Amino acid sequence: MKLFTRLLAATALTLALGGAASAKTFVFCSEGSPEGFDPGLYTAGTTFDASAHPVYNRLTEFKKGTTEVEPGLAESWDVAPDGLTYTFKLRPGVKFHSNDTFTPTRDMNADDVIFSFDRQGNKDNPWHQYVSGASWEYYDSMSMPETVKSVEKVDDMTVKFTLTRADAAFLANVAMPFASIVSKEYADKLAEAGQQAQFNQQPIGTGPFRFVAYQPDALIRYQAFPEYWAGKQPIDDLVFAITTDAAVRQQRLLAGECHLMAYPNPSDVPAMQQNADLKVDEQQGLNIGYFAYNTKQAPFDKVEVRKALNMAINKQAIIDAVYQGAGQIAKNPIPPTMWSYNDSIQDDPYDPEAAKKMLTDAGVSNLSMKIWAMPVSRPYNPNARRMAELIQADFAKVGVNAEIVTYEWAEYLERSKAEDRDGAVLLGWTGDNGDPDNFLAVLLGCDGVGNNNRAQWCNEDFDKLVQQAKSLPSQEQRAELYEQAQVIFKEQAPWATIAHSVVYVPMRKNVTGFVQSPLGDYTFDGVDITE
Amino acid sequence: MLRFFLSRVAVLVPTFLGVALIAFAFVRLLPGDTITIIGGERGVSPERRAALEAALGLDRPYIVQFGDYVFSVLRGDFGVSTSTYRPVLQEFLTLFPATIELSVVAILLAVAIGIPAGIFAALKRGTWIDQGIMGTALVGYSMPIFWWAVLLIIFFSGYLQWTPVSGRISLMYFFPPVTGFMLIDSLLSGQAGAFRSALSHLILPAIVLATIPLAVIARQTRSAMLEVLGEDYVRTARAKGLGPRRVVGVHALRNALIPVVTTIGLQVGVLLTGAILTETIFSWPGIGKWLIDAVGRRDYPSVQGGILLIAIVVMAVNLVVDLLYGLINPRVRAR
């Protein structure tokens with residue numbers, strides 16, 4: 001054991017000295033390879049962690065560790081009283097990075113902002129299809145094409161967005177990775193040289209770290225940008241060591257090969273918490289794992305039946321077995337860290353006897369149903385198969401005979417949308433922008449029936465509240481409506497709300513300044529290593 | 001000999017078309033498609049689906065897509081990845097050296113240990129040594145790669161700290177790739193300690209990847225050796241009074257090696273399959289890990305291109321083995 005400690009010390013020393021005595025190198029063991037470096041083209045968190053967060057900035061940013069919006073490249077903004085125009089005043093003196101082939105000649109200005117959005121929404125922009133088959137997935141799925149009427153330059157440092165309808169989540173939307181501000185000057189230069197594809201491989205941004213090199217599937221290197229508008233980072237170099245296997249990431253962290261790791265296996269967390277060289281940060285994930293009945297299918301069209309089944313599920317047992325403690329029971333469709341969460345709501349109690357009686361009273365006997373179990377592991381549901389088995393056993397106790405079905409992931413997503421789907425579906429959602437609308441309207445609104453609304457549930461009162469909240473400018477007023485909507489949701493029980501997961505981030509003891517994002521991003525501005 | 005060569009090459013044409021068809025059909029038979037995966041939990045509207053299908057050329061009849069694909073491949077165009085938007089061939093060639101490096105070292109390891117072990121087991125036939133070697137080989141052959149790899153990492157990298165956990169070289173060394181082979185590039189870089197670091201990173205993945213071929217080679221060598229040792233000419237050699245070393249090392253081994261060489265040739269396919277798992281666990285940036293990612297993303301051009309390129313490599317190796325056979329053994333040529 002003495003030898004072990006000595007070797008560990010030696011490794012740590014080599015690693016510390018490795019970056020040459022002066023440079024401070026921070027190594028992040030990431031979970032996968034980025035698909036590219038242009039955030040507009042992608043939807044995966046892994047890709048955003050490597051592109052949008054270190055390299056780019058947005059007009060607005062999420063305040064560290066929260067889903068509140070704060071100024072980013074826009075210093076300030078005005079919203080017209082009707083909520084239809086947003087005028088952003090840009091931050092002066094913001095520099096773009098440079099690389100071997102490009103050195104910026106001017107600071108960031110309105111042209112860059114307009115270009116960043118126009119290329120995504122305007123089919124005639126030459127950069128709309130700069131790589132063949134380019135798909136601006138997030139821009140589309142956040143309904144930007146329908147919401148944004150125009151983006152205009154008022155002067156060099158002022159940009160005006162005109163919307164087709166008031167959308168209270170707009171400021172949060174432009175803080176999302178897809179809305180990263182890219183350099184028009186760089187784009188022009190690449191177009192001139194006929195090297196458009198470089199835009200996705202050698203990113204130029206205004207962010208805290210400058211992209212240096214990517215060795216596919218192995219590592220990504222960044223350097224702190226000395227002229228970053230918010231000041232140079234405390235570390236000098238940032239390295240992403242791509243390590244797909246969670247057990248291997250853990251070993252690398254233990255060996256001191258990296259300072260911080262993404263996504264540990266939940267079962268390994270307790271051992272890491274005990275380890276003297278490590279510390280483990282934890283935070284509630286901005287997500288929900290749910291079990292959606294098909295409210296258009298008999299007998300699940302009856303509220304009493306749905307309520308009774310909800311009461312038959314032993315959620316605590318699920319938290320213990322499936323989340324291995326890394327989760328908390330969900331009573332609402334939005335997570336507790338989100339504003340407007342209605343904490344006064346009482347969850348349906350676990351009471352098999354009462355559930356059985358309710359079913360009999362509703363005239364339901366010998367019920368047979370299907371439980372759909374996702375084939376993949378997600379933070380909001382690490383093991384759907386196991387969860388389905390537990391629910392199956394719970395249902396058996398109240399005389400309901402359940403059969404578990406599953407499909408390959410893409411197939412599962414597609415088939416579970418059908419309005420005539422047979423059975424209840426296990427699925428979940430992770431927030432995009434921290435806005436309740438992103439959960440309540442997307443997952444439970446009438447528009448989503450046959451699509452993201454897996455319960456096929458269209459309740460006019462609920463829908464009206466959620467739609468109305470979207471057009472109100474003040475957060476307090478919106479929160480009030482969302483709180484009412486959650487009451488209706490609980491009464492109507494289109495889902496059994498199962499759990500919100502807890503996200504763990506293990507790191508070496510000497511890491512300081514890392515703040516977890518509720519959105520699940522890994523961002524390293526402000527991170528430091530103490531000796 | 002020329003006729004033999006041409007006949008072998010002619011066989012490759014239908015093989016190539018067959019593999020291309022299988023690869024093409026395989027990705028399309030997988031449930032789910034590129035566009036559904038792009039949409040994820042959020043989903044894709046029918047209009048967007050139609051637009052994306054048109055952009056990716058997926059709205060055309062399968063036969064047109066396939067024809068277009070084969071002709072593009074013949075011109076050397078393997079298409080563009082739907083996730084990274086880079087040419088498939090370029091991605092493959094960037095990553096392939098890492099796989100070759102790992103595979104070559106693994107096969108050398110397997111041969112260097114497997115053949116002597118097999119010979120030894122044959123000579124000690126029926127003893128506990130034979131049982132021990134063959135038992136170990138059977139265990140090695142049956143070992144699930146992912147489990148074996150993690151076990152080795154925990155013991156050698158975690159507990160003993162003898163080897164690095166994963167990757168190709170320590171992060172402190174940074175130089176642009178020249179050949180793509182880390183052992184060579186690290187020497188070319190002139191950075192002190194780089195080669196050693198590259199070598200130490202190679203040890204565990206090479207052992208893991210070598211395990212199955214090693215077991216196969218050891219078993220094959222043993223049975224070939226036993227067969228040859230029973231032949232008349234070996235008895236004659238012994239009767240002539242030759243020492244055991246010469247009888248085994250020269251007379252018996254030469255003939256015993258013929259089936260072993262075939263086995264080694266066949267291991268190329270096994271190696272590339274094993275590399276997929278090994279690379280994934282050791283974060284080894286080769287084509288195996290790349291292909292797995294591509295399947296997960298339903299990246300049609302990358303999956304079908306990757307399968308086809310791997311098949312081409314295997315076919316090329318087999319062609320070379322066949323030709324070498326023809327050179328070594330005239331009987332093969334006559335057939």
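Conventions and cut-offs
Residues numbered from 1 in each chain as written. Chains lettered and ligands numbered in written order. Predicted model: local features only at pLDDT ≥ 70, side-chain atom pairs only at ≥ 80, totals over all residues. Heavy atoms only, no water. Helix = DSSP H or I, 4+ residues; strand = E, 2+ residues; numbered from the N terminus. Buried < 20%, exposed > 50% of the residue type's maximum accessible area, 1.4 Å probe, protein only. Contact = heavy atoms within 4.5 Å. Lys, Arg positive; Asp, Glu negative; His and termini not counted. Charge placed at Lys NZ, Arg CZ, Asp CG, Glu CD. Buried area = accessible area lost by both parts, 1.4 Å probe. Salt bridge = Lys/Arg side-chain N within 4 Å of Asp/Glu carboxyl O. Nonpolar A, V, L, I, M, F, W, Y, C, P; charged D, E, K, R; others polar. Disulfide = S-S within 2.5 Å. Patch = residues over 30% accessible without salt bridge, like charges linked within 9 Å, V, L, I, M, F, W, Y side chains within 5 Å. Areas by Shrake-Rupley, 256 points an atom, 1.4 Å probe, with all protein chains shown as cover. Pairing = 2+ DSSP bridges. Axes fitted to C-alpha atoms, helices over the stretch in contact; angles between N-to-C directions. Left-handed = near helix turned anticlockwise from the far one by under 90°. pLDDT = per-residue confidence, 0-100. Phe/Tyr/Trp six-rings, centres within 6.5 Å; stacked < 30°, edge-to-face > 60°. Lys NZ or Arg CZ within 6 Å of the ring centre and 35° of its normal. Parallel < 35°, antiparallel > 145°, perpendicular 65-115°, else oblique. Core = buried A, V, L, I, M, F, W, Y, C linked by side-chain atoms within 4.5 Å.

**Let's talk about the overall build of chain B**
No. 1: Looking only at helices and strands, chain B features 14 helices and zero strands.
No. 2: Start at the N end of chain B and walk to the C end: the helices and strands fall as α-α-α-α-α-α-α-α-α-α-α-α-α-α.
No. 3: Projected onto its principal axes, the C-alpha coordinates of chain B cover approximately 85 × 55 × 40 Å.
No. 4: Expressed as a percentage of the 335 residues in chain B, the buried residues total 48%.
No. 5: Pairs at least 24 apart in sequence give 72% of the contacts found in chain B among residues at least 6 apart.
No. 6: Across chain B, the mean location of the 27 positive side-chain charges is 14 Å away from that of the 18 negative side-chain charges.

**Observations concerning the environment of B:Gly67**
All names here are of chain B.
No. 1: Tracing the chain through its elements places Gly-67 in helix H4 (residues 62-74).
No. 2: Overall, Gly-67 belongs to the partly exposed group, its relative accessible area being 24%.
No. 3: Distance from Gly-67 to Leu-21, taken between C-alpha atoms, is 9.9 Å for residues 46 residues apart in sequence.

**Quick word on the interface of chain B and chain A**
How large an interface is tends to be reported as the accessible area lost when its parts come together.
No. 1: The interface is formed by 49 residues belonging to chain B together with 58 residues belonging to chain A.
No. 2: Interface area for chain B against chain A, summed over the two sides, is near 4,400 Å², with a carbon-plus-sulfur share of 56%.
No. 3: Run the count over chain B and chain A and you get two salt bridges.
No. 4: Among the ionic pairs, A:Asp217 bridges to B:Lys289, the shortest N-O distance being 3.9 Å.
No. 5: Those elements that place two or more of their residues in the side of chain B that touches chain A are helix H2 (34-39), helix H3 (46-56), helix H5 (88-123), helix H7 (145-159), helix H11 (244-281) and helix H12 (287-296) of chain B.
No. 6: Tallied by class, residues from the side of chain B that touches chain A come to 25 nonpolar, 14 polar and 10 charged.

**Let's talk about the environment of B:Val270**
Residue and element names in this part refer to chain B.
No. 1: Assignment of secondary structure puts Val-270 in helix H11.
No. 2: Judged by its relative accessible area of 33%, Val-270 is partly exposed.
No. 3: Separated by 44 residues in sequence, Val-270 and Leu-226 place their C-alpha atoms 25 Å apart.

**Regarding the state of the cysteines**
Residues and elements named next belong to chain A.
No. 1: For the structure on display, the rule yields two disulfides over all chains.
No. 2: For Cys-29, the disulfide goes to Cys-258, at an S-S distance of 2.3 Å. Looking along the S-S bond of the Cys-29-Cys-258 disulfide, the torsion reads about -100 degrees, which is the left-handed sense. Here Cys-29, found in strand S1 (residues 25-30), pairs with Cys-258, found in the loop between helix H9 (246-254) and strand S11 (260-261); they are 229 residues apart in sequence, far enough to count as distant.
No. 3: Note on Cys-29: relative accessible area 0%, which makes it buried.

**As for a nonpolar patch on the surface**
No. 1: Residues B:Leu2, B:Phe5, B:Leu6 and B:Val9 make up a contiguous nonpolar surface patch of roughly 350 Å² in combined accessible area.
No. 2: As for its position among the elements, B:Leu2 is in helix H1 (residues 2-29).

**Points about the sheet that holds strand S4 (residues 74-79) of chain A**
Residue and element names in this part refer to chain A.
No. 1: The four strands are arranged S4-S5-S7-S6 in an open sheet whose pairing can be described as antiparallel. Single-partner strands in this sheet number two, and they are S4 and strand S6 (148-155). Adjacent strand axes in the sheet meet at a mean angle of 20 degrees, parallel and antiparallel pairs treated alike.
No. 2: Relative to strand S7 (residues 158-163), S6 is paired through six bridges, and the arrangement is antiparallel. Its bridge partner lying in S7, Val-148 is registered against Leu-163.
No. 3: On top of the sheet, helix H4 (residues 110-121) reaches strand S5 (85-90), S6 and S7; it is set at about 170 degrees to S6, its chief contact.

**Some remarks on the packing of H7(B) against H11(B)**
Residues and elements named next belong to chain B.
No. 1: Where H7 meets H11, the closest approach of the two axes is 10 Å, and the angle between their N-to-C directions is 35 degrees. Crossing handedness for the pair H7 and H11: right-handed. Of the residues in H11, those in contact with Ile-145, Phe-146, Ala-149, Val-150 and Ile-153 of H7 are Gly-274, Leu-277, Thr-278 and Ile-281.
No. 2: In terms of residue class, the contact of H7 with H11 is made up of seven nonpolar, two polar and no charged.

**Comments concerning the confidence of the model for chain B**
Residues and elements named next belong to chain B.
No. 1: Mean pLDDT over chain B works out to 85, with 95% of the residues at or above the 70 mark.
No. 2: Looking across chain B, the model is least confident in helix H14 (residues 330-334), with a mean pLDDT of 60, and most confident in H5, with 92.
No. 3: The ipTM assigned to the predicted complex is 0.73, against a pTM of 0.81.

**Some points on the packing of aromatic side chains**
The geometry of an aromatic ring pair is captured by two quantities: the separation of the ring centres and the angle between the planes.
No. 1: Scanning the entire structure with this criterion turns up 47 aromatic pairs over all chains.
No. 2: Here the aromatic residues A:Phe26, A:Phe28, A:Phe37, A:Phe211, A:Tyr214, A:Tyr222, A:Phe240, A:Tyr263, A:Phe514, A:Tyr522 and A:Phe524 are joined through ring pairs into a cluster of three or more.
No. 3: Directly above the ring of B:Phe24 sits B:Arg28, whose terminal nitrogen or CZ lies 3.8 Å from the centroid.

**What about the packing of helix H11 (residues 303-312) of chain A against helix H18 (residues 475-492) of chain A?**
Packed helix pairs are specified by the crossing angle of their axes together with the interaxial distance, meaning the distance between the axes.
Residue and element names in this part refer to chain A.
No. 1: For the pair H11 and H18, interaxial distance at closest approach is 8 Å and the crossing angle is 90 degrees. In terms of axis orientation, H11 runs roughly perpendicular to H18. Counting all contacts with H11, which are made through Val-303, Arg-306 and Lys-307, the residues of H18 involved are Lys-490, Glu-491 and Gln-492.
No. 2: Here the residues of the contact of H11 with H18 are counted per class, giving one nonpolar, one polar and four charged.

**Regarding the pairing of S1(A)**
Residue and element names in this part refer to chain A.
No. 1: Here S1 lies mainly inside the structure; five of its six residues are buried.
No. 2: Relative to strand S10 (residues 237-242), S1 runs parallel, the two sharing six bridges. Residue pairing in the sheet places Phe-26 in a bridge with Leu-238 of S10.
No. 3: Bridge count for S1 against S11 is two bridges, and the pairing is parallel. By the bridge assignment, Phe-28 is partnered in S11 with Leu-260.

**Thoughts on the nonpolar core**
No. 1: In terms of nonpolar packing, the biggest core is built from 147 residues, with A:Phe291, A:Phe395 and A:Phe524 touching the most fellow members.
No. 2: When neighbours within four sequence positions are excluded, A:Phe524 is seen to be in contact with A:Phe26, A:Phe28, A:Phe209, A:Gln233, A:Leu238, A:Phe240, A:Leu260 and A:Phe514.
No. 3: Judged by nonpolar contacts, the second largest core, of 35 residues, contains B:Ala98, B:Leu183, B:Leu202 and B:Val247.

**Things to note about the pattern of salt bridges**
No. 1: By the definition in use, this model includes 33 salt bridges over all chains.
No. 2: For the salt bridge of A:Glu414 with A:Lys417, the shortest nitrogen-to-oxygen distance reads 3.7 Å.
No. 3: The class of A:Glu414 is partly exposed, set by a relative accessible area of 36%.
No. 4: A salt bridge links B:Arg49 to A:Glu414; the nearest nitrogen and oxygen atoms lie 4.0 Å apart. In this pair, B:Arg49 is assigned in helix H3 and A:Glu414 in helix H15 (residues 409-415), connecting two distinct chains.

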